[in-house]
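# Observations on chain architecture
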Amino acid sequence: MPSHLPPGICENLPRTLRLHGLRPTKQRLALAQMIFGQGHRHIAAEDLHKEAVHNGLELSLATVYNSLHCFHEAGLLRIIIGEGSKRWFDTNLSDHHHFYLEETRRIIDVPAGQNGAPLISNLPPPPEDMEIAQIDLMIKLRRKAAANSRKAEPK
Ligand SMILES: [Zn+2]
């Protein structure tokens, strides 16, 4: 299990949920197992809902949304906001940025800089009475043109 997940989260999910102020309902436990039981993930509510249905759980999309937001409120997930209303729930709670893969509409973590140094420097100073609370950077990636044309060539 990657170390950036809340430590021991999967060893005793009911306890973890209780410790974070959440009642460990059957549905929450099933969702938590899917979210945290496979290592680090970025997951959209719609995808988690599909996965739940595929696993034989009878859950509405609204229930999945509510549970994800509860996990977020409890500090177990981070929300990453993309274009439009697209949002992902991220099990990696450390400060990090994302690559957005246009082709597959997925996000992946930008590896941390050397020695965990921040990737962004020379930021404009905030107004005097303000401070930077968080920096969420999403870098959009597309395939290089050459790679595209190669792909389109007949075999
Ligand atoms: Zn992430």
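Residues numbered from 1 in each chain as written. Predicted model: local features only at pLDDT ≥ 70, side-chain atom pairs only at ≥ 80, totals over all residues. Heavy atoms only, no water.

Scanning the protein chain for helices and strands turns up five helices and six strands. Seen in sequence order, the protein chain has helices and strands lined up from the N terminus as α-α-β-α-α-β-β-β-β-β-α. For the protein chain, the residues scored as buried account for 30% of the 155 residues in total. Long-range contacts, defined as pairs at least 24 residues apart, comprise 48% of the intrachain contacts of the protein chain with a sequence gap of at least 6. Summed over its atoms, the accessible surface of the protein chain is roughly 10600 Å², and 51% of this surface lies on carbon and sulfur atoms. (Helix = DSSP H or I, 4+ residues; strand = E, 2+ residues; numbered from the N terminus. Buried < 20%, exposed > 50% of the residue type's maximum accessible area, 1.4 Å probe, protein only. Contact = heavy atoms within 4.5 Å. Areas by Shrake-Rupley, 256 points an atom, 1.4 Å probe, with all protein chains shown as cover.)

In a beta sheet, neighbouring strands are held together by backbone hydrogen bonds and run either parallel or antiparallel to one another. One open sheet holds the three strands; their spatial order is β5-β4-β6, and the pairing between them is mixed. Since the sheet does not close on itself, it has two edges, and those belong to β5 (106–109) and β6 (138–141), each with one partner. Across the sheet, the mean angle separating the axes of adjacent strands is 30° when strand polarity is ignored. Examined bridge by bridge, strand β4 (residues 98–101) and β6 share four bridges and lie parallel to one another. What sits directly across from F99, in β6, is I139. (Pairing = 2+ DSSP bridges. Axes fitted to C-alpha atoms, helices over the stretch in contact; angles between N-to-C directions.)

Bringing the side chain of S67 into the picture now. Mapped onto the secondary structure, S67 falls in helix α4 (residues 61–73). Overall, S67 belongs to the buried group, its relative accessible area being 6%. Leaving out residues up to four positions away in the same chain, S67 has contacts with R28 and L31.

Glancing now at the nonpolar core. Core analysis: the largest hydrophobic core is formed by 21 residues, its most contacted members being L31, L48, L68 and F71. Among the elements of the structure, α1 (13–19), α2 (26–36), α3 (45–54) and α4 are those that each provide at least two residues to this core. Take this core: its biggest share by element is five residues, from α2. When near neighbours in sequence (up to four residues on either side) are disregarded, F71 contacts L17, L22, R28, L31, A32, I35, L76 and L77. Counting five residues, the second largest nonpolar core, distinct from the first, contains I80, W88, Y100 and I107. (Core = buried A, V, L, I, M, F, W, Y, C linked by side-chain atoms within 4.5 Å.)

Position of L57 among the secondary structure elements: in the loop between α3 and α4. Between the C-alpha atom of L57 and that of A30, which follows or precedes it by 27 residues, the distance is 8.3 Å. Contact partners of L57, with chain neighbours within four places excluded, come to A30, M34 and A52.

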